[in-house]
Amino acid sequence: MAQSRQRSRHGLVGRHIVAEQAVPIDAATVKTSAGAVAPVAASRAVQPGGGKGQGFFDRMFKDLSPLEVDDADLEALANAMRDASPGDPALDNPNVPAGFTYLGQFIDHDISLDLSPLSASIEDPTMIRNFRTPGLDLDCVYGAGPGPHRFLFRQDAPKFLIGQATPSPDAQGVQIPALPNDLERTRHGVALIGDHRNDENLLVAQTHLAFLKFHDKVVDHLQAAGTPGPQLFDEASKLVRWHYQWMVLHDFVERITEVGIVAKLLTEGRKFYRFKTVPFMPVEFAGAAYRLGHSMVREEYSHNRVFRPVSPRLADASLTRLFQFSSLSGDITGELGGMAALPSNWVIDWRRFYDFHTPAGTPNFEFNPSRRLDPFLTPTLHQLPGFPPTREGNLAFRNLRRGVNLGLPSGQDVASAMAKEIPLTPLTPAEIATGPDGVVAAQKGFDTAAPLWYYILKEAQVRGQGERLGPVGGRIVAEVFVGMVQGDKDSFLSQPGWTPTLPAKVPGTFFMTDLLQFVGDISPIDGITTVSTL
Ligand code: HEM
């Protein structure tokens, strides 16, 4: 049993995780408000939202008490959350292709950035600055726009700068030419993008690149339709945001929660994520529910015909390598001695990451599902690369500890509070106690009061068969996403009845596969721009 539920104040100080927040953690002060670095999208008006405003965190469940757990118990649970069979296909999620993992990470970087130290207990989340706007406004892509952040844009067109991947051989030694498929970079390899975290691993970097190209294609599309030059950037960025918002709600959120929930929430209203005028970033979401994506990450991918699990290949596409082919975590360091840019043989084949209905038997082809939504993290993510095997390098521990720091209530308390408003059955102690993680959870008393992040993953495993979130996790995620779009006065919901207008398999809808098809860059190393199988 957990003997103590005291808040620990052990000092895990030093640098922040290299991969995500590469700044020294002392650079951000929890208590800072007025003096903090402005969010990137400084040009978009910041108005009061939650307790302190749109730029801050706040609570959804203000009346619930924090769950206090000491570090030793958190560490025991964190250690039990390591996937012991990362290659077992039974733990793949047939409902969610692996591209959505990194789309999910990309979306996270659009809406949330907490730079507070892991060592700090936060009594009042409204004192924590969110360095992103809590809205699907793509501030991680556009920054503050072509005025203030002109280093992101071309001088001759309202388009983004795109980098060149350098020539490199395939598995047969045939040279793949330079391709316009890397992020634009400085001489030291640093990506010139709106959020440094989007060059943390190659898959999120290629996702970011797809969004840059999406904007550029929309510019071409509008230009061809006669939109005057001076209006091109504003019109294109609006169309991009609206299609992205529609796609996130209907393709991503409904896929991991419940089909139809978006329309239901829009009709019936939100019950738990409430704000007066503009949204805030809820700690229950950023500190727990939306960290669900950590469980979706695979240990190895089939990246393209060159880097795949089986021969013929040059090498595998392990998670470690996918970190390596980035500048934030890896070896793209330019003049400093590493690679100047991405080698062209590492440009992604999107057919392996999203379901384009590629025919069975396509040579040298494998499809990547994400891993099931369950309490397990693949070893390379569980113990983050570049860190000694300490608590600080253990992502499960970091997430659990972050939840305690933020004063999150237990999953059971959240479930009971929600059950007063909607039909919902909280997890029983017996359900939590299942599996190797459950044994540890029960030993530590988490079967009756579990950290919220763990509860939500366990609920997904037990109630959603690992294919989608359960009722607590699903409702929090869906309400927050719908609320963020509703709270953005410039979102697609500001135009009643609007549906996507860009070309799509089903006109009036827009899924991630439609976006990639519109970009026309499906598998550049194979010369495949679009596919007929969609
Ligand atoms: C290889 C992939 C990923 C890596 C290496 C990674 C790593 C990290 C790290 C190191 C943190 C900071 C932990 C802390 O100190 O609190 C973090 C935060 C977070 N991650 Fe991930 N992550 C990955 C994928 C994802 C995905 C797929 C999602 C969601 C779909 C996600 C959602 C989040 C959220 C919501 C936070 C808190 C963000 C904030 O408020 O600043 N991550 N991640």
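Computed from a predicted structure; not experimentally measured.

Draft legend 1. Quick peek at the overall build of the protein. Along the protein, the regular secondary structure elements total 16 helices and 10 strands. Sorting the 534 residues of the protein into buried and exposed places 61% on the buried side. For the protein, restricting intrachain contacts to residue pairs at least 6 apart in sequence, the fraction spanning at least 24 positions comes to 75%. When the accessible area of the protein is evaluated, it comes to approximately 19600 Å², of which 54% is carbon and sulfur surface.

Draft legend 2. Structural detail: the coordination of the iron atom of the ligand. If you check the protein contacts of the iron atom of the ligand, you find one donor only, His294 (NE2), at 2.1 Å. Structurally, His294 can be placed in the loop between helix 7 (283–286) and strand 8 (300–301).

Draft legend 3. Main features of the nonpolar core. Among the nonpolar cores identified, the biggest contains 147 residues, and Phe211, Ile476 and Phe481 are the most heavily contacted of them. What Ile476 contacts, discounting residues up to four positions off in sequence, is Met60, Phe61, Phe285, Ala289, Val414, Met418 and Ile456.

Draft legend 4. Structural view of the packing of aromatic side chains. All told, the structure shown has 28 aromatic pairs when counted by the stated rule. Seen in terms of ring centroids, Phe106 and Phe211 are 4.5 Å apart; in terms of plane orientation they differ by 15°. Their pairing is stacked. Here Phe106 is found in helix 2 (residues 99–111), whereas its partner Phe211 is found in helix 4 (residues 202–224), with 105 residues between them in sequence. Looking at Phe106, the relative accessible area reads 0%, which means it is buried.

Draft legend 5. A look at the site of the ligand. If you check the shell around the ligand, you find 24 residues, and the closest are Ser112, Asp114, Glu200, His294 and Arg402. With respect to the ligand, the side chain of Arg291 contributes an N or O atom lying 2.8 Å from an oxygen atom. With respect to the ligand, the side chain of Arg402 contributes an N or O atom lying 2.7 Å from an oxygen atom. Considering every element that reaches the shell around the ligand, the biggest residue donor is helix 2, with four residues. Of the residues that constitute the shell around the ligand, the class distribution is eight nonpolar, nine polar and seven charged.

Draft legend 6. Molecular detail of the pairing of strand 6 (residues 179–183). Burial runs high along strand 6: four of the five residues are buried. Summarising the sheet, strand 3 (residues 162–165) and strand 6 pair through three bridges and their orientation is antiparallel. In the strand pairing of strand 6, Gly163 is matched with Asp182.

Draft legend 7. Structural context of the side chain of Arg59. Its place among the elements puts Arg59 in the loop between strand 1 (57–58) and helix 1 (71–79). Lacking a salt bridge, the buried Arg59 has Glu284 as its closest oppositely charged neighbour, with an N-O distance of 5.4 Å.

Draft legend 8. Layout of the side chain of Arg270. Structurally, Arg270 can be placed in the loop between helix 6 (261–268) and strand 7 (281–282). Put simply, Arg270 is tucked away with no salt bridge, and the nearest opposite charge, on Glu479, sits 5.8 Å away. Within the structure, Arg270 has its side chain in polar contact with the backbone oxygen of Tyr273 (distance 2.5 Å). In contact with Arg270, not counting residues within four places along its chain, are Leu265, Phe275, Glu479, Gly483 and Gln486.

Draft legend 9. Seen up close, the pattern of salt bridges. All chains considered together, the criterion is met by 30 salt bridges. Among the salt bridges present, the one from Glu431 reaches Arg463, with a minimum N-O distance of 2.8 Å. Of the two residues, Glu431 sits in helix 12 (residues 429–432) while Arg463 sits in helix 14 (residues 452–463), which places them 32 residues apart along the sequence. Since its relative accessible area comes to 27%, Arg463 is described here as partly exposed. Asp437 is the partner of Lys458 in a salt bridge, and the nearest nitrogen-oxygen pair spans 2.9 Å. In this pair, Lys458 sits in helix 14 while Asp437 sits in helix 13 (residues 435–443), placing the two residues 21 residues apart along the sequence. One exposure class covers both Lys458 and Asp437, and it is buried. The structure contains a network of salt bridges with shared partners spanning Asp170, Arg305, Arg308, Asp349, Arg351, Arg352, Glu366 and Asp526.

Draft legend 10. Structural view of unusual backbone geometry. Geometrically, the link from Ser311 to Pro312 is a cis peptide bond, its omega value of 0° lying close to zero. Mapping Pro312 onto the fold places it in the loop between strand 8 and strand 9 (317–318). Of note, His357 is a non-glycine position whose phi angle comes to about 55°, a positive value. Along the chain, His357 falls in the loop between helix 8 (319–324) and strand 10 (369–371). We note that Gln465 has phi near 55°; this positive angle belongs to a residue other than glycine.

Draft legend 11. Structural context of the environment of Leu406. Considering the arrangement of structural elements, one finds Leu406 in the loop between helix 10 (395–405) and helix 11 (411–419). The buried category is assigned to Leu406, whose relative accessible area is 4%. As for Leu406 and Leu118, which are separated by 288 residues in sequence, their C-alpha atoms are 9.9 Å apart.

Draft legend 12. Focus on the environment of Arg154. Note on placement: Arg154 falls in the loop between helix 3 (139–142) and strand 3. The exposure class assigned to Arg154 is partly exposed, which follows from its relative accessible area of 35%. Apart from residues no more than four positions distant in its own chain, Arg154 is found in contact with Lys159, Phe160 and Leu161. Engagement of the side chain of Arg154 in a polar contact is seen with the side chain of Asp156, the distance being 3.0 Å.

Draft legend 13. Region of the structure containing the environment of Val174. Inspection of the secondary structure puts Val174 in the loop between strand 4 (168–169) and strand 5 (175–176). Setting aside anything within four residues of it in sequence, one finds Val174 in contact with Ser168 and Pro169.

Draft legend 14. Structural detail: helix 5 (residues 229–256). The first and last C-alpha atoms of helix 5 sit 40 Å apart over 28 residues, in line with the 40 Å expected at 1.5 Å per residue. Along helix 5, the sharpest kink reaches roughly 35°, centred on Val248. Of all the 28 residues making up helix 5, 20 are buried; the element is thus mostly covered by neighbouring parts of the structure.

Draft legend 15. Region of the structure containing the packing of helix 11 against helix 15 (residues 471–486). Interaxial distance between helix 11 and helix 15 falls to 10 Å at its minimum, and their mutual angle equals 75°. Of the possible angle classes, the one that applies to helix 11 and helix 15 is roughly perpendicular. Here Val414, Ala415 and Met418 of helix 11 come into contact with helix 15, specifically with Pro471, Val472, Arg475 and Ile476. A breakdown of the residues in the contact of helix 11 with helix 15 according to their chemical character gives six nonpolar, no polar and one charged.

Conventions adopted
- In every chain, residue numbers begin from 1 and rise along the written sequence.
- pLDDT decides what is reported in this predicted model: residues at 70 or higher carry local features, side-chain atom pairs at 80 or more are listed and counted, and totals for whole chains, interfaces and linings draw on all residues regardless.
- Hydrogens and waters are ignored; side-chain quantities use all the structure's heavy atoms.
- We count a stretch as a helix when DSSP gives it H or I for four or more residues in a row; a strand needs E for two or more, and each element gets its number in order from the N terminus.
- Partly exposed describes any residue whose relative accessible area lies between the buried limit of under 20% and the exposed limit of over 50%, with all areas from a 1.4 Å probe on protein chains only and scaled to the type maximum.
- Two residues form a contact once any of their heavy atoms are found within 4.5 Å.
- In this description, accessible areas are obtained by the Shrake-Rupley approach with a 1.4 Å probe, and a residue is regarded as covered only by the protein chains that are shown.
- Note that water is not among the atoms used; donors are N, O and S atoms within 2.8 Å of the metal (3.2 Å for Na, K and Ca), so sites may look incomplete.
- By nonpolar core is meant a set of buried Ala, Val, Leu, Ile, Met, Phe, Trp, Tyr and Cys residues that side-chain atoms within 4.5 Å join together.
- Classification of ring pairs uses Phe, Tyr and Trp, with its six-membered ring standing for Trp, and accepts pairs whose centres are within 6.5 Å; under 30 degrees between planes counts as stacked, over 60 as edge-to-face, and the remaining range as tilted.
- Residues are counted as near a molecule or strand when any one of their heavy atoms sits within 4 Å of it.
- For the purposes of these results, a polar contact is taken to be a pair of N or O atoms within 3.5 Å, where, inside protein, one atom must be able to donate a hydrogen and its partner to accept one; residues adjacent in sequence count only when each atom of the pair is a side-chain atom.
- Lys, Arg, Asp and Glu make up the charged group, whereas Ala, Val, Leu, Ile, Met, Phe, Trp, Tyr, Cys and Pro make up the nonpolar group; the residues left over, Gly among them, are polar.
- A strand pair is defined by DSSP finding two or more bridges across the two strands.
- Charge convention: Lys and Arg are scored as positive, Asp and Glu as negative, and His as well as the terminal groups of each chain are ignored.
- Within this document, salt bridges are pairs made up of a side-chain nitrogen of Lys or Arg and a carboxyl oxygen of Asp or Glu, the two lying within 4 Å of each other.
- What a helix is expected to span follows from its residue count: subtract one and scale by 1.5 Å.
- The angle between axes fitted to the seven residues ending at a residue and the seven residues starting there is what we call the bend at that residue.
- Axes here mean lines fitted to C-alpha atoms, for a helix over just the part in contact, with angles spanning 0 to 180 degrees between N-to-C directions.
- By definition in this entry, angles of less than 35 degrees are roughly parallel, angles greater than 145 are roughly antiparallel, angles of 65 to 115 are roughly perpendicular, and the rest are oblique.

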